[in-house]
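Listed here are the chains, written in short residue letters.
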Amino acid sequence: MMSTEGYGVYLVIALMALVMLFTRFGGVFITGLLPLRPRVMSFIDAMSGSVLVAVLVPIAVEADMAGRLGMLATAGVMLLTARPMAGVSLGILVTALIRFGGMS
Amino acid sequence: MPDIVAPQLTGADIRRGFWRILPISLFVFVFGLAFGVAALQSNMANVEVMLMSITVFAGTVQFAVLDMWGAQVPILPLLLTTLAINSRMLLMGASLYPWLRLLPVRRRYASLITLSDANWAMTLNDLQQGRNNLGTLVGGGIALWTCWQAGTLTGLLLGSGIKDPKSIGLDMVMGCFMLSMVMVGKRNLRKSLAWGLSAIAAYAAYRWLPPNTHVIVGALAGGTVGIFWLETPKQ
C-alpha cells in the first residue's frame, strides 16, 4: 500500500507513467537485442498482424447482438470499399440504432 | 516481404497523419469525456486526473485504476495491472522494429511516445504495404493524445455528458476499428494461418488464463507460424 496524501499521489502517477513508457519503448528496445536473422524477422512479421486479431477476439466474444451486427456492418463496408473510417462509423451507427430500438 | 528502407518523417507527413487520425480521435474524445465524468466520482482531485491523462495516456488502464484509488493505493497490484493491460504495446512496438531500427536512436524512441492502438494499426498497415512514412504514427499520436486530454478536461468540467457510452455504441469503437484494420491489408495463406492460430490462442487465454494475458498469448502463437514458415523476400 502507498499513501496518496501529499506528494504520494504524484509518485503513484509518475510510476504509472514510467510503466507506460516502458511498454511503449520496451518492444523496440528488446527486439533490438535479438539477432536479426530471417527467422526472427519472419516471427515479427507473423506476430504483428496477430496482435490485431488477439485484441479483437474478446471484444467479439463479449459483444451483445447489437455489437456483433455492428462489426458485421464494418466488415461489409470493408469488403465493399476498404475505407476504415466508413466501416467504423457504420458499425457504431448500426450498434447504436439497434440498442436504441431496444432490439438487443 | 518488400525491401525495408528507413521511413521518412517530415513536418508535412506529421500534419497529414494528424488529420488522418483525427476522425477516429473524436471517439477517443468521447472516451476521455466518460473518463473525466467517472473520475469525478473517484477520490482523485481534478489536477491529479489531468496529470494522469497527460503522462499515462492509456484509456483502459486509467479506467481500471479509478476503482483502486483511495487514501491508500495498492501500488504493486496497480502497477502490475497497468503493465498487464498495456503489455500489447510491447508487441506493437516490436512489430514496428524492422522499420524503426533504421532511424537514429532519438528519433526512433521519440516517435513512440504517443504509441497507441489506432495510430499503431494504421502505421503498420501503411508500412507493410510499402507506404514508407511515420507521419501517421507521430501526427496521429498527437491527435489521439490531444483528444484524450480535451475529453478528460471536458468531462471534469461539465461533470456530465454522455451518461452511458454504451447506448451510443461507443464500446464497439475499438472492435470495429481493429476489424477494419484486419481487413485492410493483403492476405495470404501464411498470414491467415497466423491469424487463425492467434484467434484460437487468444480465445483460450481469455477464457482460462489470468485477465489481460490474451493479447500476448495470441500474438506469440501467431508469431510461431513465422518461425516455421519463413517469408521469402520478393524479387
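Conventions and cut-offs
Residues numbered from 1 in each chain as written. Chains lettered and ligands numbered in written order. Predicted model: local features only at pLDDT ≥ 70, side-chain atom pairs only at ≥ 80, totals over all residues. Heavy atoms only, no water. Helix = DSSP H or I, 4+ residues; strand = E, 2+ residues; numbered from the N terminus. Buried < 20%, exposed > 50% of the residue type's maximum accessible area, 1.4 Å probe, protein only. Contact = heavy atoms within 4.5 Å. Domains from an automatic or database assignment. Buried area = accessible area lost by both parts, 1.4 Å probe. UniProt positions renumbered as here; feature names shortened; annotations may be inferred. 1 Å grid on protein atoms, 1.4 Å probe; cavity = no way out; pocket = protein on both sides within 12 Å on 5 of 7 lines; lining within 4 Å. Points joined across faces, edges and corners; volume = space filled by probe spheres on them. Nonpolar A, V, L, I, M, F, W, Y, C, P; charged D, E, K, R; others polar. Salt bridge = Lys/Arg side-chain N within 4 Å of Asp/Glu carboxyl O. Polar contact = N/O pair within 3.5 Å; in protein donor to acceptor, adjacent residues only side chain to side chain. Patch = residues over 30% accessible without salt bridge, like charges linked within 9 Å, V, L, I, M, F, W, Y side chains within 5 Å. Areas by Shrake-Rupley, 256 points an atom, 1.4 Å probe, with all protein chains shown as cover.

**Some words on unusual backbone geometry**
Link 1 in the chain: Its identity is not glycine, yet Ala-82 of chain A carries a phi of approximately 60°, on the positive side.
Link 2 in the chain: With respect to the secondary-structure elements, Ala-82 of chain A resides in the loop between helix H3 (65–81) and helix H4 (84–100).
Link 3 in the chain: Looking at Ala-82 of chain A, the relative accessible area reads 42%, which means it is partly exposed.
Link 4 in the chain: Even without a glycine there, the phi angle at Asn-212 of chain B is positive, about 70°.
Link 5 in the chain: Position of Asn-212 of chain B among the secondary structure elements: in the loop between helix H10 (189–208) and helix H11 (214–228).
Link 6 in the chain: When its relative accessible area of 31% is taken as the criterion, Asn-212 of chain B is described as partly exposed.

**Comments concerning the side chain of Asn-125 of chain B**
Residue and element names in this part refer to chain B.
Link 1 in the chain: In this fold, Asn-125 is placed in helix H7 (residues 117–128).
Link 2 in the chain: Judged by relative accessible area, which is 8%, Asn-125 ranks as buried.
Link 3 in the chain: If we skip the residues at most four places from it in the chain, Asn-125 touches Met-181, Val-184 and Gly-185.

**Section: the domain arrangement of chain B**
Residue and element names in this part refer to chain B.
Link 1 in the chain: Split into domains, chain B comes out as domain 1 (11–186) and domain 2 (187–235).
Link 2 in the chain: The centre of domain 1, based on its C-alpha atoms, is set 23 Å off from the matching centre of domain 2.
Link 3 in the chain: With ten residues of domain 1 at the contact, the number on the domain 2 side is nine residues.
Link 4 in the chain: Note on domain 1 versus domain 2: buried area summed over both sides is about 810 Å², and carbon and sulfur give 58% of it.

**What to know about the UniProt feature "transmembrane region" (unreviewed entry) in chain A**
Residues and elements named next belong to chain A.
Link 1 in the chain: Annotation from UniProt places "transmembrane region" (unreviewed entry) at residues 7–34, 40–61 and 73–98.
Link 2 in the chain: The span residues 7–34 is 93% helix and 0% strand, and its two end C-alpha atoms sit 40 Å from each other.
Link 3 in the chain: With 92% helix and 0% strand, residues 73–98 has its two end C-alpha atoms placed 12 Å apart.

**A word on the layout of surface pockets**
Over the atoms, a rolling probe the size of a water molecule traces out where space has been left empty.
Link 1 in the chain: There is about 1200 Å³ of room inside the largest pocket.
Link 2 in the chain: What lines the largest pocket is a set of 42 residues, among which Ile-59 of chain A together with Phe-31, Thr-60, Arg-88 and Met-174 of chain B lie closest to the centre.
Link 3 in the chain: In terms of residue count, helix H1 (residues 11–40) of chain B provides more of the lining of the largest pocket than any other element does, five residues in total.
Link 4 in the chain: Across the lining of the largest pocket, the residue classes break down as 27 nonpolar, seven polar and eight charged.

**Side note on the interface of chain A and chain B**
Link 1 in the chain: Facing the 65 residues of chain A at the interface are 90 residues of chain B.
Link 2 in the chain: Interface of chain A and chain B: buried area, both sides summed, is about 6900 Å²; carbon and sulfur atoms make up 78% of it.
Link 3 in the chain: It is Met-16, Arg-24 and Leu-52 of chain A in chain A that bury the most area against chain B; as a group they hold 11% of the surface buried on that side.
Link 4 in the chain: For the interface between chain A and chain B, the tally reads two salt bridges.
Link 5 in the chain: The shortest N-O distance in the salt bridge between Asp-171 of chain B and Arg-99 of chain A comes to 2.8 Å.
Link 6 in the chain: Run the count over chain A and chain B and you get 13 residue pairs in polar contact (both at pLDDT 80 or more).
Link 7 in the chain: For the side of chain A that touches chain B, the elements supplying multiple residues, two or more each, are strand E1 (2–3), helix H1 (8–33), helix H2 (38–62), H3 and H4 of chain A.

**Topic: empty space enclosed by the protein**
Link 1 in the chain: Going through the model one piece at a time under the given rule, you end up with one cavity of 30 Å³ or more.
Link 2 in the chain: Contributing to the lining of the largest cavity are Gly-49 and Leu-52 of chain A together with Leu-124, Asn-125, Gln-128, Met-181, Val-182, Gly-185, Lys-191 and Trp-195 of chain B.
Link 3 in the chain: Counting residues per element, the ones that place at least two in the lining of the largest cavity are H2 of chain A together with H7, helix H9 (173–184) and H10 of chain B.
Link 4 in the chain: Tallied by class, the residues present in the lining of the largest cavity amount to five nonpolar, four polar and one charged.

**Observations regarding the pattern of salt bridges**
Link 1 in the chain: Applying the stated criterion across every chain, the model contains seven salt bridges over all chains.
Link 2 in the chain: Note that Arg-190 of chain B is salt-bridged to Asp-45 of chain A, the shortest N-O span being 2.8 Å. Remark: Asp-45 of chain A occurs in helix H2 and Arg-190 of chain B occurs in helix H10; the pair is interchain, linking two chains. Asp-45 of chain A matches Arg-190 of chain B in its accessibility class, with the two residues each being buried.
Link 3 in the chain: Because the salt bridges share partners, they merge into one network encompassing Asp-64 and Arg-99 of chain A together with Asp-171 of chain B.

**Quick word on a nonpolar patch on the surface**
Link 1 in the chain: The grouping of Tyr-7 and Tyr-10 of chain A together with Val-47 and Leu-51 of chain B at the surface amounts to a nonpolar patch, some 440 Å² of accessible area in total.
Link 2 in the chain: Considering the arrangement of structural elements, one finds Tyr-7 of chain A in the loop between E1 and H1.
Link 3 in the chain: Look at Tyr-7 of chain A and you get exposed, because its relative accessible area is 72%.

**Side note on the environment of Asp-164 of chain B**
Residue and element names in this part refer to chain B.
Link 1 in the chain: Turning to its location among the elements, Asp-164 is positioned in the loop between helix H8 (135–158) and H9.
Link 2 in the chain: Of the residues examined, Asp-164 reaches a relative accessible area of 39% and is grouped as partly exposed.
Link 3 in the chain: In the structure, Asp-164 is positioned 118 residues away from Asn-46 in sequence and 21 Å away in space, judged by C-alpha atoms.

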